[in-house]
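Below, each chain spelled out in residue letters.
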Amino acid sequence: MNGVHDMGGMDGFGRIEPERDEPVFHAPWEGRVMAMMRAMGCVGGWNLDMFRNARESQPPSFYLTASYYKSWEKTLETLLLERGLVMEEEIVASRSFSGSTVAGQPLRAEDVSKALKRQSYERSTSAAALFKVGDGVRTRNIHLPTHTRLPRYARGRRGTIERVHGCHVFPDSSAVGAGDDPQWLYTVVFDGSELWGTDDDPSLKVSVEAFEPYLEAL
Amino acid sequence: MSHHDDDEDHSELSEMTLRVRALETVLLEKGLIDPAVLDLIVEAYETRIGPRNGAKVVARAWLDPDFKRALLEDATAAVSSLGHVGEIGDHLIAVENLPTLHNMVVCTLCSCYPTDLLGLPPVWYKSAPYRSRVVRNARGVLAEFGVNLPPEMEIRVWDSTAETRFLVLPMRPAGTEGFDVDALASLVTRDSMIGTGLPKLPEVGP
């Protein structure tokens, strides 16, 4: 979707403000939200792309003004409510009115390390890759109403295949519950001038990680 | 957005604390989470999974050409072979800074970051100013971080739009001949592994 989360190249957000000696969490509740999301990711029945889709679907005014973990907390509530795992009235009352509707077991202490390690999104395929390193490609000018990982600034642009990563879970499919639909994944590199016009920094190159359905041969 | 909820007025802080506590209670009563497990997750990120892990990897690459080659070939496998930096998931990619090339990492769409190796990303990395600007005006962003590179040096920005994760391998600072792994690792900053900073310079002797 063409949401406010897709902000590469936008103006007006001001200076970057690094914080000296930044703590991992700015308040204890932030850590609880992060940990609940990790733990529920193992039993809640959603995947990473569904999580991203839910967060990107937040109203733009909320997305832009809520802190990162406040936005996560709202996303967690949305995912739980959508699946009927929790009711709004239960959160308000701070107690459960009924048992769990999930068959799985909660994340156990001995499985924490495994749960925190990134899983593999690579999948086997019999399809041959359409492109090889060095090929010229153009990104498609596509505007899906649902989750996608081709940023707006890199649509309809000419670039070069720089790396071939194998076949990976396709987020556009996975986010809407349509399965892994594995697709070849490439690093596509663009000249800065192709993205931003010739007046910009000639020494800049930008790459995106692009799934094969985002690309066409030049 | 640079503000945090704890900068807001006290009632909002209380509101988030209460809401999160209520959600945790409901999930606990339904048997969906174990609060002791949440403690372990928070503790892991506060004490074990952080940029010191990445710094050890960079220092090792500076010292050992075979390891550096392996790291650039397959960073997940190379880092996992070290054994002492925790569990590293798939598709970690190390990109090497050169005298003619400076690499930077961003996730314009959200907050993708090599968390296994560097811990949770800082607030600025997830913020609109960084995400919006670095793919267009990388030099301007670098200047705000106090980094000024020669105009002819190519700047390469890696936008993390899939499940690949990027670690910048910065250049080893001059004057570090004879340094051991720990001494070198102490010069490697988190920002130098994102590409918004450079390694610290060794302190000059008296």
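Residues numbered from 1 in each chain as written. Chains lettered and ligands numbered in written order. Predicted model: local features only at pLDDT ≥ 70, side-chain atom pairs only at ≥ 80, totals over all residues. Heavy atoms only, no water.

- If you check an unreviewed UniProt entry, chain B appears there as nitrile hydratase from Kaistia terrae.
- Listed under Sequence similarities (unreviewed entry) in UniProt, the entry text for chain B is "Belongs to the nitrile hydratase subunit alpha family."
- Recorded in UniProt for chain B, the comment headed Catalytic activity (unreviewed entry) runs: "an aliphatic primary amide = an aliphatic nitrile + H2O". (UniProt positions renumbered as here; feature names shortened; annotations may be inferred.)

- By the naming in an unreviewed UniProt entry, chain A is Nitrile hydratase subunit beta, taken from Kaistia terrae.
- Its UniProt record, at the heading Sequence similarities (unreviewed entry), says of chain A: "Belongs to the nitrile hydratase subunit beta family."
- In its Function (unreviewed entry) section, UniProt records this for chain A: "NHase catalyzes the hydration of various nitrile compounds to the corresponding amides."

**A word on the sheet that holds strand β5 (residues 215-217) of chain A**
Part 1 of the reasoning: A sheet is described by the order of its strands in space; here seven strands give the open sequence β5(A)-β1(A)-β2(A)-β3(A)-β4(A)-β3(B)-β2(B), paired in mixed fashion. In the strand order of this sheet, the two ends are held by β5 of chain A together with β2 (101-106) of chain B, each with one partner. Averaged over neighbouring strand pairs, the angle between their axes works out to 35 degrees when direction is ignored.
Part 2 of the reasoning: Examined bridge by bridge, strand β1 (residues 136-139) of chain A and strand β2 (residues 158-168) of chain A share three bridges and lie antiparallel to one another. The partner of glycine 136 of chain A across the bridge, within β2 of chain A, is threonine 160 of chain A. (Pairing = 2+ DSSP bridges. Helix = DSSP H or I, 4+ residues; strand = E, 2+ residues; numbered from the N terminus. Axes fitted to C-alpha atoms, helices over the stretch in contact; angles between N-to-C directions.)

**Quick word on the domain arrangement of chain B**
Part 1 of the reasoning: Segmentation of chain B into domains returns domain 1 (5-47) and domain 2 (50-194).
Part 2 of the reasoning: The centre of domain 1 of chain B, based on its C-alpha atoms, is set 31 Å off from the matching centre of domain 2 of chain B. (Domains from an automatic or database assignment.)

**Some thoughts on the interface of chain B and chain A**
Part 1 of the reasoning: In this assembly, 84 residues from chain B lie in contact with 92 residues from chain A.
Part 2 of the reasoning: With both chains or domains summed, chain B and chain A bury close to 8,000 Å², and 59% of this area falls on carbon and sulfur atoms.
Part 3 of the reasoning: Among the residues chain B hides against chain A, the three largest losses belong to Lys30, Leu109 and Arg136 of chain B. Together they make up 9% of the total.
Part 4 of the reasoning: One can count nine salt bridges joining chain B with chain A.
Part 5 of the reasoning: One salt bridge connects arginine 156 of chain B with glutamate 162 of chain A, and the closest N-O pair in it is separated by 2.8 Å.
Part 6 of the reasoning: Our count for the contact surface shared by chain B and chain A stands at 36 residue pairs in polar contact (both at pLDDT 80 or more).
Part 7 of the reasoning: Contributing elements (two or more residues each) for the side of chain B that touches chain A: α1 (10-29), α2 (35-48), β1 (92-96), α7 (123-126), α8 (128-133), α9 (138-144), β3 (154-159) and β4 (165-169) of chain B.
Part 8 of the reasoning: Broken down by element, the residue count for the side of chain B that touches chain A peaks at 13 residues, all from α1 of chain B.
Part 9 of the reasoning: Across the side of chain B that touches chain A, the residue classes tally to 45 nonpolar, 14 polar and 25 charged. (Contact = heavy atoms within 4.5 Å. Buried area = accessible area lost by both parts, 1.4 Å probe. Salt bridge = Lys/Arg side-chain N within 4 Å of Asp/Glu carboxyl O. Polar contact = N/O pair within 3.5 Å; in protein donor to acceptor, adjacent residues only side chain to side chain. Nonpolar A, V, L, I, M, F, W, Y, C, P; charged D, E, K, R; others polar.)

**Notes on the pattern of salt bridges**
Any two side chains of opposite charge can pair, on the condition that their charged atoms come close.
Part 1 of the reasoning: Under the definition given, this model contains 26 salt bridges over all chains.
Part 2 of the reasoning: Put simply, arginine 32 of chain A and aspartate 39 of chain B hold a salt bridge, and the shortest N to O gap is 2.7 Å. Remark: aspartate 39 of chain B occurs in helix α2 and arginine 32 of chain A occurs in helix α1 (residues 28-41); the pair is interchain, linking two chains.
Part 3 of the reasoning: Its relative accessible area of 40% is what places aspartate 39 of chain B among the partly exposed residues.
Part 4 of the reasoning: We note a salt bridge from arginine 140 of chain A to glutamate 216 of chain A, for which the minimum N-O separation is 3.3 Å. Within this pair, whereas arginine 140 of chain A is found in the loop between β1 and β2, its partner glutamate 216 of chain A is found in strand β5, the two being separated by 76 residues in sequence. (Buried < 20%, exposed > 50% of the residue type's maximum accessible area, 1.4 Å probe, protein only.)

**Re the pairing of strand β4 (residues 204-211) of chain A**
Part 1 of the reasoning: Counting buried residues along β4 of chain A, seven of its eight residues qualify, which places the element largely inside the surrounding structure.
Part 2 of the reasoning: Sheet analysis places β4 of chain A next to β3 of chain B, joined by five bridges and oriented parallel. Residue pairing in the sheet places serine 207 of chain A in a bridge with tryptophan 158 of chain B of β3 of chain B.

**A word on the layout of surface pockets**
Part 1 of the reasoning: Each pocket or cavity is described by its volume, and for the largest pocket that value is around 1,000 Å³.
Part 2 of the reasoning: Among the elements of the structure, α1, α2 (48-56), α4 (68-82) and α6 (112-116) of chain A together with α6 (115-118) of chain B are those that each provide at least two residues to the lining of the largest pocket.
Part 3 of the reasoning: The element that contributes the greatest number of residues to the lining of the largest pocket is α2 of chain A, accounting for four residues.
Part 4 of the reasoning: Taken as a whole, the second largest pocket spans an internal volume of roughly 450 Å³.
Part 5 of the reasoning: Every residue lining the second largest pocket is counted, 24 residues in all, and those nearest its centre are Val24 of chain A together with Gly50, Pro51, Leu118 and Arg190 of chain B.
Part 6 of the reasoning: At the level of elements, α2, α3 (51-63) and α11 (190-194) of chain B are the ones that each hand at least two residues to the lining of the second largest pocket.
Part 7 of the reasoning: It is α2 of chain B that provides the largest number of residues to the lining of the second largest pocket, a total of four residues.
Part 8 of the reasoning: Residues that form the lining of the second largest pocket fall into these classes: eleven nonpolar, six polar and seven charged.
Part 9 of the reasoning: Looking at which domains feed residues into the lining of the second largest pocket, each of domain 1 (5-47) and domain 2 (50-194) of chain B gives three or more. (1 Å grid on protein atoms, 1.4 Å probe; cavity = no way out; pocket = protein on both sides within 12 Å on 5 of 7 lines; lining within 4 Å. Points joined across faces, edges and corners; volume = space filled by probe spheres on them.)

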